[in-house]
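# Coordinate analysis (summary)
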Amino acid sequence: MPTHPSKPAARTAELRAILEEANTAYYTHARPTMPDKEFDTLLAELASLEATHPELDDPNSPTRRVGGAAIDGFIPRQHRVPMLSIDNTYEIATFAEWHARTTKALTASGLFDHAPAFVVDPKIDGVAMSLRYEQGQLVHAVTRGDGRTGDDVTHNIRTIGALPLRLPASVPNVLEIRGEVFLSNASFAEMNAQAEADGDEPFMNPRNAAAGTLKQLDPSRAAARSLSFVAHGKGEISDDTWATTHAGLIDKLANLGVPVNRPIAVSTDLRELIAAIEAFDKARHTLGHAVDGAVVRLNDFAQQASLGSTSKSPRWVVAFKYPAERTTTRLLRVEHQVGKTGKITPRAVMEPVLLAGTIVRHATLHNYGRVRDASTTPDDPAASRTDIRLGDTVYLEKAGEIIPYVAGVLLTARPKDAQPVDIPSTCPVCNGQLEVEPPGTDGTSAETQRTCVNPECPAQIREKLIWFAGRKQMDIDGLGQETIDQIRATTIPLHTFADIFRLKDHTHALLQLERMGDKKLANLLAGIESAKQRGLARLLAGMGIRYVGDSTSRALAKRFANLNDLLAAPLWRLMPTAVNTMSKAERAHLTGSPNKLTPDDLYDTGLGKDTAPTVHAYLHSPAARETFNELASLGVDLTSHEFSQAPAHGAPAFAGKTFVITGTLATYERDPLSRLLESLGGKASGSVSSKTSVLIAGDSAGSKLTKAQELGITVWDEPTLLANLRAAGVKP
Ligand SMILES: [Zn+2]
């Protein structure tokens, strides 16, 4: 479809439609219709159009999926139809009573001549969300809050790739979709591994992690955490006749490309409903996300309406909750572990017990606030969620089916002589001073973190060295935890990363180590030698710099050719995506210009306004300088192996080339074409010289064509240009 270049609005709309379609194909039908590279090219073109034409701004543009403007705070928004909570039951007998009561009330009303059908669907353990579409456009995404008023988190909801931001015009003018936002077990595990690497507090379970992600003000942080959504109900719908049953609603939403919570059963028969609930208890563990029950509701909306609600919850729906997979065991003692960032974590050592398929001996207690906080759990008043004492019988659960944690204490089983856990007042390893993150920083009354602030702390140094040599970082063959401990017990210096590369000067002393023969030593030294060649990304990841994990170090290495370039970079280049969401004044202060960055300068490092300054300051600290200098002098490779000269969306026919445009083209005017060439990695220039790579010649080309021919410069006529553009994934 040829687009007239003077109509950026038309091209913008076209691009948005193409990208949304490709997005739907990718997420909803799991059938990619467009290569990633082409998608990126079109997205870059759209971003460039939006940057030059602010009047075409649209909050539901596909460009917002990777993170739009950060917000200052959450706007409270009232629900037109209250978001009531659902009654829970843990007993099949109670469920059967509810079923009988509901059926009887409907029969008694005389309004319905058919036996009521019930729908059973999975109860996903996530965060309830109401999405409001007006004229098919997503306008608000609001949390449940107190049921009447919730927080507007639309900026973060837009980052959910599978969720359509606009619906076809055929949908009712107002369409409120209710559903659940959640994290898959895999995303949860990844997120906690990252938190660990950053020295941050890990999340307790996938639901807390999803809730925490929704509370981010900066949507690029939410985008990095792959939230999911499924629809399981409705709020306000302007047309009552659009869907008249729950199953019908779910079908309609699925046809619109909205991810839905598929019913597991629809039946009028109590026995069938119970069988479905019981069978699903086994199947739910294979779903890859947390499901803690089954929701059973009346299928017919008219029947639902006739039963109405109590002040707390609707009468026409009930949740059957499965008992959590938990077990009890005895707490023997608490270890205090010092991490590589100095954070001290209490770790429970328990009598070994089988839980969900594995023997568990250890579990994190997260922080000392939780160890001493005496609040009881709302689910079970006989149990304390925290206030853990030695000798206590503790409840053990697995978060996201993976990580064991102490969910509570069985107070009735507490021995008389149970001792409180000693909370270290100095570092348990170096005796150094501790910094205590004060109570209240995470909204609870308990302290959140204790950190050893001694930079010479041997425990931190040990953890850093182990991390540095680890497989995913510098991958030093032969330098595992045991060998590091062995060496550090001698007088051979092993305190800094550079010391590792000096071990070859201590072969004699190394050979005195137990179980260290010639062969093993040769292997170790060869491992150290080859680790010199890992390159910038893995070095940065290995240094354990706060906020610089795997993906951030790789993203930085893609944009900076070597360490010197990285050190020469101003702060804003560490967080370019954040730059475009700043106010003009803020941007001018940081970059020297109020203008937004162009696609060439826009790349995602994973760092934002709150994290980049920490990283920048560290890179320029005297300690970091010394480390880098030492490593360089020892022959460690500080160049990037991932660096790519052309921008990520560059196309080979255009990247790095200088173009001159002359004459009249039917498809493009000169300025939009120049910008397009730039978005493809090329450069547009005004006059022909020996530096010109390609002359693009339209009709009535004059002296520039003659000059180019004299200089032997490549000339593209319009069909050649269009063919090259098509090859680069651009539909002219
Ligand atoms: Zn210490």
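Remember, predicted model here, so these are calculated numbers, not experimental data.

### Focus on the overall build of the chain
Along the chain, the regular secondary structure elements total 26 helices and 25 strands. Dimensions of the chain, computed from C-alpha atoms along their principal axes, come out at roughly 95 × 80 × 45 Å. The buried share among the 732 residues of the chain stands at 49%. Long-range pairs, those at least 24 residues apart, make up 68% of the contacts in the chain with a sequence separation of at least 6. For the chain, the distance from the average site of its 79 positive side-chain charges to the average site of its 85 negative ones is 1 Å.

### Topic: the nonpolar core
Membership of the largest hydrophobic core comes to 52 residues, with the highest contact counts inside it found for Ile476, Ile500 and Phe501. When residues of this core are traced back to their parent elements, those giving at least two are α12 (458-469), α13 (481-488), α14 (497-501), α16 (518-531), α17 (536-542), α19 (563-568), α22 (612-619) and α23 (622-633). Sorting elements by how many residues they give to this core places α12 first, with five residues. Each of domain 4 (458-531) and domain 5 (536-633) accounts for three or more of the residues forming this core. Core analysis: the next-biggest nonpolar cluster, separate from the first, contains 36 residues, Ala209, Trp242, Leu249 and Leu256 among them.

### Side note on α22
For α22, the set of buried residues is Ala612, Val615, His616 and Leu619. The buried residues of α22 occupy an angular sector of 100° when projected down its axis, which confines them to one face. Here the buried face of α22 lies against α17, α19 and α23.

### Things to note about the coordination of the zinc ion
Coordination of the zinc ion by the protein involves Cys427 (SG), Cys430 (SG), Cys452 (SG) and Cys457 (SG), with metal-donor separations of 2.2 to 2.4 Å. With four donor atoms in place around the zinc ion and angles of 98 to 119° between them, the coordination shape is tetrahedral. On the primary sequence, the residues serving as donors to the zinc ion are separated as C-x2-C-x21-C-x4-C. Classification of Cys427 as buried rests on a relative accessible area of 2%.

### Examining the sheet that holds strand β22 (residues 658-662)
With respect to topology, four strands assemble into an open sheet ordered β23-β22-β24-β25, the strand pairing being parallel. Both outer strands of the open sheet, β23 (683-685) and β25 (714-716), are each paired with one neighbouring strand and no more. Each adjacent strand pair in this sheet contributes to an overall mean axis angle of 30°, direction not counted. Relative to β25, strand β24 (residues 694-697) runs parallel, the two sharing three bridges. Residue pairing in the sheet places Ile696 in a bridge with Trp716 of β25.

### Regarding the side chain of Thr662
For Thr662, the location among the structural elements is in strand β22. Residue classification places Thr662 among the buried positions, given a relative accessible area of 8%. Leave out the neighbours within four places in its chain, and Thr662 touches Arg670, Leu695, Ile696, Ala697, Gly698, Ala701, Gly702 and Lys704.

### Some thoughts on the sheet that holds strand β3 (residues 118-124)
Taken together, the five strands give an open sheet; going across it, the order is β2-β11-β10-β3-β9, and neighbouring strands pair in mixed fashion. A single partner strand is all that each edge strand has here, and the edge strands are β2 (88-89) and β9 (265-267). Alignment of β2 against strand β11 (residues 317-321), held across two bridges, turns out to be parallel. When the sheet's bridge partners are listed, Thr89 is paired in β11 with Phe320. Most of the contacts of helix α3 (residues 92-109) go to β11, to which it runs at about 170°, and overall it touches β2, β3, β10 (291-298) and β11.

### Quick word on the domain arrangement of the chain
By domain assignment, the chain separates into domain 1 (8-66), domain 2 (88-321), domain 3 (326-452), domain 4 (458-531), domain 5 (536-633) and domain 6 (658-727). Domain 3 puts eight residues into the contact, and the matching count from domain 4 is six residues. Here domain 3 packs against domain 4, burying approximately 570 Å² in sum over the two surfaces, 70% of which is carbon and sulfur. When the buried area of domain 3 at its contact with domain 4 is split by residue, Val338, Lys340 and Val429 rank highest and sum to 75% of it. At the junction of domain 3 and domain 4, the tally comes to zero salt bridges. On the surface where domain 3 and domain 4 come into contact, there are one residue pair in polar contact (both at pLDDT 80 or more). Of the residues belonging to the side of domain 3 that touches domain 4, the class tally is four nonpolar, three polar and one charged.

### Things to note about the pattern of salt bridges
Evaluation of the coordinates by the stated rule reveals 32 salt bridges. Residues Asp292 and Lys123 are paired through a salt bridge, measuring 3.4 Å at the closest nitrogen-oxygen approach. Of this pair, Asp292 sits in strand β10 while Lys123 sits in strand β3, and the two are 169 residues apart along the sequence. Relative accessible area serves as the criterion here: at 14%, Asp292 is assigned to the buried category.

### Here's the deal with the packing of α3 against helix α9 (residues 270-283)
For the pair α3 and α9, interaxial distance at closest approach is 11 Å and the crossing angle is 145°. Handedness of the α3/α9 crossing: right-handed. Contacts between α3 and α9 involve Ile92, Phe95, Ala96 and His99 from the first element and Leu270, Leu273, Ile274, Ile277 and Glu278 from the second. Grouping the constituent residues of the contact of α3 with α9 by class yields seven nonpolar, one polar and one charged.

### Quick look at the packing of aromatic side chains
A full pass over the atoms with the stated rule returns eight aromatic pairs. Geometrically, the ring pair formed by Phe468 and Phe497 is stacked, given 4.3 Å between the ring centres and 10° between the ring planes. Residue Phe468 is found in helix α12, and its partner Phe497 is found in helix α14; the two are separated by 29 residues along the sequence. The class for Phe497 is buried, based on a relative accessible area of 11%. Taking the centre distance of 5.6 Å and the plane angle of 55° together, the rings of Phe659 and Trp716 count as tilted. Here Phe659 is found in strand β22, whereas its partner Trp716 is found in strand β25, with 57 residues between them in sequence. Following the ring pairs from residue to residue traces out a cluster consisting of Phe95, Trp98 and Phe118.

### A few points about the confidence of the model for the chain
On average, residues of the chain score 86 in pLDDT, and 91% of them reach the 70 mark or higher. Within the chain, the lowest mean pLDDT, 54, falls on strand β15 (residues 383-384), and the highest, 97, falls on α14. Note that residues 376-382 has pLDDT below 50 and, in this model, 11 contacts with residues that lie over four places away or in other chains.

### Quick notes on unusual backbone geometry
Although it is not a glycine, Gln135 adopts a positive phi angle of roughly 50°. Within the secondary structure, Gln135 sits in the loop between β4 (127-134) and β5 (137-143). A positive phi angle, near 60°, is found at Arg515, a position not held by glycine. Tracing the chain through its elements places Arg515 in the loop between α15 (507-511) and α16.

About the thresholds
- Residues numbered from 1 in each chain as written.
- Predicted model: local features only at pLDDT ≥ 70, side-chain atom pairs only at ≥ 80, totals over all residues.
- Heavy atoms only, no water.
- Helix = DSSP H or I, 4+ residues; strand = E, 2+ residues; numbered from the N terminus.
- Buried < 20%, exposed > 50% of the residue type's maximum accessible area, 1.4 Å probe, protein only.
- Contact = heavy atoms within 4.5 Å.
- Lys, Arg positive; Asp, Glu negative; His and termini not counted.
- Charge placed at Lys NZ, Arg CZ, Asp CG, Glu CD.
- Core = buried A, V, L, I, M, F, W, Y, C linked by side-chain atoms within 4.5 Å.
- Domains from an automatic or database assignment.
- Arc of directions from axis to C-beta.
- Donors = N, O, S within 2.8 Å, 3.2 Å for Na, K, Ca; no water.
- Tetrahedral: all angles 85-135°; square planar, octahedral: opposite > 155°, others 65-115°.
- Pairing = 2+ DSSP bridges.
- Axes fitted to C-alpha atoms, helices over the stretch in contact; angles between N-to-C directions.
- Buried area = accessible area lost by both parts, 1.4 Å probe.
- Salt bridge = Lys/Arg side-chain N within 4 Å of Asp/Glu carboxyl O.
- Polar contact = N/O pair within 3.5 Å; in protein donor to acceptor, adjacent residues only side chain to side chain.
- Nonpolar A, V, L, I, M, F, W, Y, C, P; charged D, E, K, R; others polar.
- Left-handed = near helix turned anticlockwise from the far one by under 90°.
- Phe/Tyr/Trp six-rings, centres within 6.5 Å; stacked < 30°, edge-to-face > 60°.
- pLDDT = per-residue confidence, 0-100.

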